[in-house]
Amino acid sequence: MNNLQVIRTFLQRTWWIFAFMLLLGLAAFYYVYHANEAAYESLYRAEFAGQIHSLDRQNHGFSVAVELDNHRRYRFFPAEQQGGAAGFLAMAAIGDSLQKKNDSDTLVLITQGRKARYAFKKVLY
């Protein structure tokens, strides 16, 4: 048997493993896509003002989960800041205040008496 025949026999016997892995990957992508879309929409539509009770960095700092004093948890992806301004993760701390108007993609962080505006972006992957 030559190498081509060995590969062909292997694929004929194990094709279902590759099909299962493909379906599993598609299901994971579908879940992440809809979870990120739901997180963005719930934050975009929300209006709130309160103190930060917990601040969690997720996905190696790529996304942020914030819990406010009303025990509502929001997850978002901070946008890049212009003009060399410090990012949300560098400035925010537990105890700071966070405000947002409904149908807006901008958060207002109040820390040490200063206000800073931070945009969040829609990430669907």
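Presented here is a report on the structure given in the accompanying data block. (Residues numbered from 1 in each chain as written. Predicted model: local features only at pLDDT ≥ 70, side-chain atom pairs only at ≥ 80, totals over all residues. Heavy atoms only, no water.)

**What to know about the packing of aromatic side chains**
Enumeration according to the criterion identifies seven aromatic pairs in this entry. Relative to Y74, the ring of F48 lies with its centre 4.5 Å away and its plane at 20°, an arrangement referred to as stacked. In this pair, F48 is assigned in strand β1 (residues 48-58) and Y74 in strand β3 (residues 73-78), connecting sequence segments 26 residues apart. (Phe/Tyr/Trp six-rings, centres within 6.5 Å; stacked < 30°, edge-to-face > 60°. Helix = DSSP H or I, 4+ residues; strand = E, 2+ residues; numbered from the N terminus.)

**So, the pattern of salt bridges**
Counted under the stated rule, the structure contains five salt bridges. Ionic pairing is found between E41 and K122, a salt bridge with its closest N-O pair at 3.8 Å. With a gap of 81 residues between them, E41 in helix α1 (residues 3-45) and K122 in the segment after β6 (114-121) connect regions that are remote in the sequence. Salt-bridge contacts for E67 lead to R73; the nearest nitrogen and oxygen are separated by 3.5 Å. The network of salt bridges with shared partners includes E41, R45, D103 and K122. (Salt bridge = Lys/Arg side-chain N within 4 Å of Asp/Glu carboxyl O.)

**Some remarks on the environment of A93**
Note that A93 resides in the loop between α2 (88-91) and β4 (97-100). Exposure remark for A93: the relative accessible area of 34% places this residue in the partly exposed category. Separated by 17 residues in sequence, A93 and I110 have C-alpha atoms that sit 10 Å apart. Apart from residues no more than four positions distant in its own chain, A93 is found in contact with I52 and L55. (Buried < 20%, exposed > 50% of the residue type's maximum accessible area, 1.4 Å probe, protein only. Contact = heavy atoms within 4.5 Å.)

**Considering unusual backbone geometry**
A positive phi angle, near 55°, is found at D103, a position not held by glycine. Structurally, the position occupied by D103 is in the loop between β4 and β5 (106-111). One non-glycine residue, Q112, adopts positive backbone phi at about 55°. Mapped onto the secondary structure, Q112 falls in the loop between β5 and β6.

**Remarks on the sheet that holds β4**
Taken in spatial order, the six strands close into a barrel running β1-β2-β3-β6-β5-β4, and their pairing is antiparallel. Taken pair by pair, the neighbouring strands of this sheet meet at an average axis angle of 45°, ignoring direction. Where β5 lies against β6, six bridges are found, and the strand directions are antiparallel. Residue pairing for β6: I110 is matched across the bridge by K115. Against the sheet, α1 contacts β1, β3, β4, β5 and β6, and its axis sits at roughly 105° relative to β3. (Pairing = 2+ DSSP bridges. Axes fitted to C-alpha atoms, helices over the stretch in contact; angles between N-to-C directions.)

**Here's the deal with the nonpolar core**
Core analysis: the largest hydrophobic core is formed by 20 residues, its most contacted members being F48, I52, V66, F76, F88 and L98. Those elements that place two or more of their residues in this core are α1, β1, β2 (63-68), β3, α2, β5 and β6. If we ignore the near neighbours within four places in the chain, the residues touching V66 are I52, S54, L55, R72, R73, Y74, F76, F88 and L98. (Core = buried A, V, L, I, M, F, W, Y, C linked by side-chain atoms within 4.5 Å.)

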